[in-house]
Amino acid sequence: MKKTSKNKTNVQNRRSTKLLIIVAVLIGAVAVFAAFNNGKSKPADEISQGRKAAPVVRGGDLIINAGDVSDTAKFYPYQAGDIYMEVMAVKASDGSVRTAFNTCQVCYDSGQGYYRQAGNEMICQNCGNVFSVDDIEKVKGGCNPVPIMSGNKNIDGDNIAISEQFLNENKEFFADWRRD
């Protein structure tokens, strides 16, 4: 009988060891993830989805009232045929309004390449890349929001107009888009 008790103890010790190894691996994975993000990961309550704005569409063009844009990103929905799209507008630290499609130039085809805001940064929800609000429209290419450059919009007084033609030309960025 002592032998059976000893076997049970060995089995329990092996299970405890396996459990400790699993816990250690999980802790290590979290540490690696934090290091991979350069310590820029934010608690969930500090990450904002921004605010969806009521779209104003005139003659097929998306109209954004620049006076309504603040340092908190607003997301303007737009329907291009059967494709749902979003345009983000946010005020940079220099006071200018920056616009971009709410999808990532690299991750768009994953369906999860959209952005949430944490302070002055936009975070890709697919790869976790962090991109400064001040770089929107300034940096093109790479893992960052698809910019809507000055040549692709008209600024008339307080309104920013993005043409129906330009929006339709870029709807492929949203073909697989699945924002939660």
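Presented here is an overview of the structure given in this document. (Residues numbered from 1 in each chain as written. Predicted model: local features only at pLDDT ≥ 70, side-chain atom pairs only at ≥ 80, totals over all residues. Heavy atoms only, no water.)

A word on the packing of aromatic side chains
Scanning the model with the defined rule gives 6 aromatic pairs in all. Where Phe101 meets Phe174, the ring centres are 5.9 Å apart and the plane angle is 70°; that geometry is what we call edge-to-face. Linking Phe101 in strand E6 (residues 97-104) with Phe174 in the segment after helix H2 (164-169), this pair joins segments that are 73 residues apart in sequence. There is no split in this pair, since Phe101 and Phe174 are both buried. A connected cluster of aromatic rings, assembled from ring pairs, spans Tyr84, Phe101, Tyr114, Phe166, Phe174 and Trp177. (Phe/Tyr/Trp six-rings, centres within 6.5 Å; stacked < 30°, edge-to-face > 60°. Helix = DSSP H or I, 4+ residues; strand = E, 2+ residues; numbered from the N terminus. Buried < 20%, exposed > 50% of the residue type's maximum accessible area, 1.4 Å probe, protein only.)

Let's talk about the sheet that holds strand E12 (residues 159-162)
Taken in spatial order, the 4 strands line up as E2-E3-E12-E11 in an open sheet, and their pairing is antiparallel. With partners counted over all chains shown, the strands left at the sheet margins are strand E2 (56-58) and strand E11 (154-156), one partner each. Between one strand axis and the next, the sheet turns through 30° on average, direction left out of account. Taken together, the 4 bridges between strand E3 (residues 61-65) and E12 define a ladder with antiparallel strand orientation. For Ile63, the partnering residue across the bridge sits in E12 and is Ala161. (Pairing = 2+ DSSP bridges. Axes fitted to C-alpha atoms, helices over the stretch in contact; angles between N-to-C directions.)

Focus: the environment of Ala73
As for its position among the elements, Ala73 is in the loop between E3 and strand E4 (74-80). Owing to a relative accessible area of 0%, Ala73 belongs among the buried residues under this scheme.

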